[in-house]
Amino acid sequence: MWLKSMIYSCSEKHVKEAALCLKRGGLVAFPTETVYGLGGNALDPGAVARIFEAKGRPEFDPLITHIADLGMIDILAEVQDSRVYELARYFWPGPLTLIVPKKNCVPDLVTSGLPAMALRMPDHPVALALIREASGAVAAPSANSFGYLSPTTARHVEEDLGPRIDMILDGGPCRVGLESTVLDMTGTVPEILRPGAVSLQNLEEVLGAVKVLNRREEIPRAPGQLKMHYSPRKALYICDDLNSVEDKAHSGALVFSNSEKGRGFGAMEVLSEQGDMLVAAARLFAALHRLDISPVVRIHAERIPEKGLGRAIMDRIYKASEK
Ligand code: TXA
Ligand code: MG
């Protein structure tokens with residue numbers, strides 16, 4: 001059977017078509033600097049329901065609302081804390097999601113009934129043009145089926161969700177490659193719920209004290225903090241010494257920088273030959289996708305230093321290892 005490709009270039013014409021599709025309640029996957037998002041009009045509960053259906057995502061998992069203009073903050077959210085505007089001016093557009101009290105115009109389905117919503121302005125010209133041209137508020141989880149690896153190319157989206165969505169805009173590989181940092185601004189002390197490209201240190205420079213949710217000890221407050229998430233289909237083991245792996249021939253190695261460590265493995269992915277965290281983050285999900293479809297039966301991931309972006313990278317690797 002001949003299947004029509006869902007992938008479209010990001011020409012002005014296609015972005016306009018995609019915006020029209022969103023206005024009519026359709027679903028469009030679009031590039032952001034972090035990962036591809038599966039967008040629907042955030043103010044249309046029918047469209048939001050379709051997102052959950054396409055992802056096979058439990059409806060208790062709240063979505064991030066993407067905006068393109070700072071003016072949308074006060075249209076959607078009830079912000080009392082001036083630090084929210086300060087953060088928005090400093091980090092947006094960029095990979096930071098802020099949890100703030102929502103207004104009634106935001107459907108409960110978007111926040112899964114929570115009184116607070118997640119807001120983010122992505123740093124990608126196509127995403128910004130699309131959001132502006134549509135309703136100004138686009139709900140978008142990562143464009144993968146529930147629990148699976150986040151997509152960093154249009155092809156990843158097509159392979160996973162293709163027939164279930166209306167259009168995929170192809171903006172090339174995502175620059176950052178890891179999902180945004182989620183920061184809860186509803187309490188007195190801001191709290192990181194999900195580490196991401198904006199690091200704890202970056203946030204402390206602007207805010208002073210910042211808490212970090214310890215997902216090993218606390219009950220998940222939002223299901224993105226479920227342990228099993230961002231998982232390849234194959235078992236993934238975190239490894240201090242790749243050399244000690246026994247059945248190398250049938251195993252895949254996820255190596256941080258030194259390709260020598262992957263010698264003898266059935267498949268190998270090196271995140272950054274130079275040991276550059278930015279490069280490693282950008283390549284992580286694509287590397288896991290490739291290992292997942294390679295002939296090996298399991299994946300061994302080398303532990304990497306949990307400094308700066310390394311913390312967010314290891315967070316995704318921990319989650320990928322928990323089944
Ligand atoms: O980089 C990103 O954030 C990407 C791109 C597409 O923007 N989006 C993304 O969305 O990763 P998603 O749905 O895969 O992850 C959203 C995270 C989840 O961990 C969810 O639990 C949390 O944000 N979240 C959303 N709304 C929340 C809320 N009201 N309170 C607490 N956490 C919330
Ligand atoms: Mg996700």
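These remarks concern the structure in this document. (Residues numbered from 1 in each chain as written. Chains lettered and ligands numbered in written order. Predicted model: local features only at pLDDT ≥ 70, side-chain atom pairs only at ≥ 80, totals over all residues. Heavy atoms only, no water.)

**Some details on empty space enclosed by the protein**
Under the definition given, this model contains 1 cavity of 30 Å³ or more. Here the largest cavity defines a volume of roughly 80 Å³. Looking at the largest cavity, the residues that line it are Ile192, Pro195, Gly196, Val198, Ser199, Leu200, Gln201, Val212, Gly308, Arg311 and Ala312. Among the elements of the structure, helix 8 (200-207) and helix 10 (309-321) are those that each provide at least two residues to the lining of the largest cavity. (1 Å grid on protein atoms, 1.4 Å probe; cavity = no way out; pocket = protein on both sides within 12 Å on 5 of 7 lines; lining within 4 Å. Points joined across faces, edges and corners; volume = space filled by probe spheres on them. Helix = DSSP H or I, 4+ residues; strand = E, 2+ residues; numbered from the N terminus.)

**A look at the sheet that holds strand 3 (residues 37-41)**
Pairing is mixed across the open sheet formed by 11 strands, whose spatial order is 1-8-2-3-7-4-6-5-9-10-11. The open sheet is flanked by strand 1 (7-9) and strand 11 (211-212), the only strands paired with a single partner. Alignment of strand 4 (residues 64-66) against strand 7 (residues 138-139), held across 2 bridges, turns out to be antiparallel. Following the sheet pairing, histidine 66 is matched in strand 7 by valine 138. This element, helix 2 (residues 45-55), spans strand 3 and strand 7 of the sheet and lies at about 155° to strand 3. Here helix 6 (residues 125-133) sits on the sheet in contact with strand 2 (28-30), strand 4, strand 7 and strand 8 (167-170), set at roughly 145° to strand 2. (Pairing = 2+ DSSP bridges. Contact = heavy atoms within 4.5 Å. Axes fitted to C-alpha atoms, helices over the stretch in contact; angles between N-to-C directions.)

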